[in-house]
Amino acid sequence: MSGIIGESSNLRPDVWFNWNSIRCESAQPMPTHSGTFFDETLRDGLQAPNIRNPTLEQKLTIVDHMVRSGVRSADLGFPGSDSAAERECIEIARHISANGYELTQGYAGRTHPADIHAICEIAQTVGVAVDAYLFIGVSPIRQYVEDWDSASIRRNIIQSAAECRREDVEFVLVLEDTVRCTPEVLTGVYDAAIEAGVRRITLCDTVGAALPSGTRSLIHWSQQYFADRGHPIGFEWHGHNDRGLALANSLTALAMGCERVHGTILGIGERTGNASLDQLMVNSHLDGHATYDLKALRDYCAYAAPVLGVDIPQNYPAMGRDVFKTSAGVHGAAILKAHEKGDVLVKDSVYSSVPASFLGREQEVMIDASSGVNNVKYWLTVHGYEKDDASLIKKVLAKAKTSSAPLADELIRQIIATAE
């Protein structure tokens, strides 16, 4: 591992370690997961220059949407950043308590006494249990840039764990940039975690560098390290989307047994964003690993998008405007036949892996230049018209062939009216 930083922080990391290069030959088959999702929308999600910071009232409404959708744990802020943030976090905690929400409250901070104190103040002021998600950079490049050494990192971990224990707050050790951290450095960090009695660790793909194979290797190696030492650890996963792999990596982490997998609504966050919480929930629901209210999740996305200043792309999975639309003739024919069988799930599934009805939506068969007779028949059927009028179908298709966009419903009604 030439050029990799270990104990010394004075070496330039000419070669950055990455778990993608490690093969996990000895890993057991991935278990059926029982983990949950951790909503980072109100903390890591807001760390982006293009995202609006919601008002307190809007944040409370976002919490309401989280709970209705089926979210059961969340990072609700960074109270140590300033006094105003601490006051907001206290009000969010009060809101959760007053409504009796079954939502485990997490709050973020550095492994710094002031940040720990701010998190403990929430627990004491509101009288609720909270998780302190305390982060520290551990990768060689971060050590090099900050002029840190492994010994100081280990001391911070041990001191932070002790401080949380004194305040009766659950300590979750968040290891920034874990996927670019060498086994040698992780050995020191993990030994410190064992010495400190740490029970929860968040593995982070802070810059979105991991492949699913690397995610699996890192998690397996970490699980085995603590198992070999007889120290039970609950792992969490926090991933970013710089290479477009946050969803795949997060699903891998879930399958590998991570207890909580982090995400943000619509994948918001700095740079390319975090793993998309809504896509994680949709996939988990469809795979039968957990049950979520996908209609409430759709409402969550619809509320959050304008509040946060986010546009939902028209082809965004499950939530985009066009994801249940088709205009191809072959597709239209199949959906019409499925419709005639009277089975909504069959109709939803013949040309889609995400049933539109699960989100309170419907399949939409459009009519444009690529459409055929069955597209028109489907439109006529669902809008209450006689579907076998050959002359009318011909007129509608003739108009579609000369149009640069799918025919609007009102235009089709006009064609019908002039044909009568």
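Just above sits the structure.
**A look at the sheet that holds strand S2 (residues 73-75)**
Next up, step 1: Taken together, eight strands build a closed barrel; the order of strands is S1-S2-S3-S4-S5-S6-S7-S8 and the barrel is parallel. Going across the sheet, the axis of each strand differs from the next one's by a mean of 25°, ignoring polarity.
Next up, step 2: Against the sheet, helix H7 (residues 212-228) contacts strand S6 (200-205) and strand S7 (234-239), and its axis sits at roughly 155° relative to S7.

**Quick notes on unusual backbone geometry**
Next up, step 1: Positive phi, close to 60°, is recorded for Asp177, a residue that is not glycine.
Next up, step 2: Mapped onto the elements, Asp177 comes out in the loop between strand S5 (170-176) and helix H6 (183-196).
Next up, step 3: The buried category is assigned to Asp177, whose relative accessible area is 6%.

**Some details on helix H2 (residues 83-98)**
Next up, step 1: Over its 16 residues, H2 extends 22 Å from the first C-alpha to the last, a length consistent with the 22 Å expected when each residue adds 1.5 Å.
Next up, step 2: Residues of H2 that are buried include every one of Ala85, Cys89, Ile90, Ile92, Ala93, His95 and Ile96, and no others.
Next up, step 3: Along its buried surface, H2 packs onto helix H1 (56-69), strand S3 (104-110) and helix H3 (113-126).
Next up, step 4: Taken from the residues just after H2, Gly100 is the one with a positive phi, measuring 65°.

**Comments concerning the nonpolar core**
Next up, step 1: In terms of nonpolar packing, the biggest core is built from 91 residues, with Val198 and Ile201 touching the most fellow members.
Next up, step 2: Top contributing element to this core by residue count: helix H10 (residues 294-308), with eight residues.
Next up, step 3: Discounting chain neighbours no more than four positions away, the residues touching Ile201 are Leu173, Leu175, Tyr190, Ala193, Phe226, Ile233, Gly234, Phe235 and Glu236.
Next up, step 4: Listed in part, the 13 residues of the second largest apolar core include Ile367, Val376, Ala400 and Ile415.

**Things to note about the layout of surface pockets**
Next up, step 1: The volume enclosed by the largest pocket comes to roughly 410 Å³.
Next up, step 2: If you go around the largest pocket, you meet 26 residues; those closest to its centre are Arg43, Phe135, Glu176, Thr206 and Glu270.
Next up, step 3: Looking at which element gives the most residues to the lining of the largest pocket, the answer is strand S4 (residues 130-137), with three residues.
Next up, step 4: Split into classes, the residues belonging to the lining of the largest pocket amount to eight nonpolar, eight polar and 10 charged.

**Focus on the pairing of S5**
Next up, step 1: Most of S5 sits inside the fold, with six of its seven residues counted as buried.
Next up, step 2: Pairing of S4 with S5 involves seven bridges; the strand directions are parallel. Bridge pairing in S5 places Leu134 opposite Leu173.
Next up, step 3: Where S5 lies against S6, three bridges are found, and the strand directions are parallel. Bridge pairing in S6 places Val174 opposite Thr202.
Next up, step 4: In terms of handedness, the path from S5 via H6 over to S6 forms a crossover that is right-handed.

**Examining the packing of aromatic side chains**
Next up, step 1: Counting across every chain of the model gives 10 aromatic pairs.
Next up, step 2: Aromatic rings pair up to connect Tyr190, Trp221, Tyr225, Phe226 and Phe235 into one cluster.
Next up, step 3: Cation over ring: Arg229 sits above Tyr225, and NZ or CZ is 3.4 Å from the ring centre.

**Quick notes on the environment of Cys258**
Next up, step 1: Inspection of the secondary structure assignment puts Cys258 in the loop between helix H8 (246-255) and strand S8 (260-263).
Next up, step 2: Assessed through its relative accessible area of 1%, Cys258 is described here as buried.
Next up, step 3: Once residues within four sequence positions are removed from consideration, Cys258 is found in contact with Gly35, Ile219, Phe235, Glu236, Trp237 and Ala253.

**Focus on the packing of helix H9 (residues 277-286) against H10**
Next up, step 1: With their axes 11 Å apart at the nearest point, H9 and H10 run at an angle of 170° to one another. In terms of orientation, H9 and H10 fall into the roughly antiparallel class. Contacts between H9 and H10 involve Leu277, Asp278, Met281, Val282 and His285 from the first element and Leu294, Leu297, Tyr300 and Cys301 from the second.
Next up, step 2: Along the lines of polarity and charge, the residues of the contact of H9 with H10 split into seven nonpolar, one polar and one charged.

Conventions we followed
Residues numbered from 1 in each chain as written. Predicted model: local features only at pLDDT ≥ 70, side-chain atom pairs only at ≥ 80, totals over all residues. Heavy atoms only, no water. Pairing = 2+ DSSP bridges. Helix = DSSP H or I, 4+ residues; strand = E, 2+ residues; numbered from the N terminus. Axes fitted to C-alpha atoms, helices over the stretch in contact; angles between N-to-C directions. Contact = heavy atoms within 4.5 Å. Buried < 20%, exposed > 50% of the residue type's maximum accessible area, 1.4 Å probe, protein only. Expected span 1.5 Å × (residues − 1). Core = buried A, V, L, I, M, F, W, Y, C linked by side-chain atoms within 4.5 Å. 1 Å grid on protein atoms, 1.4 Å probe; cavity = no way out; pocket = protein on both sides within 12 Å on 5 of 7 lines; lining within 4 Å. Points joined across faces, edges and corners; volume = space filled by probe spheres on them. Nonpolar A, V, L, I, M, F, W, Y, C, P; charged D, E, K, R; others polar. Right-handed = clockwise from strand over helix to strand, strands pointing away. Phe/Tyr/Trp six-rings, centres within 6.5 Å; stacked < 30°, edge-to-face > 60°. Lys NZ or Arg CZ within 6 Å of the ring centre and 35° of its normal. Parallel < 35°, antiparallel > 145°, perpendicular 65-115°, else oblique.

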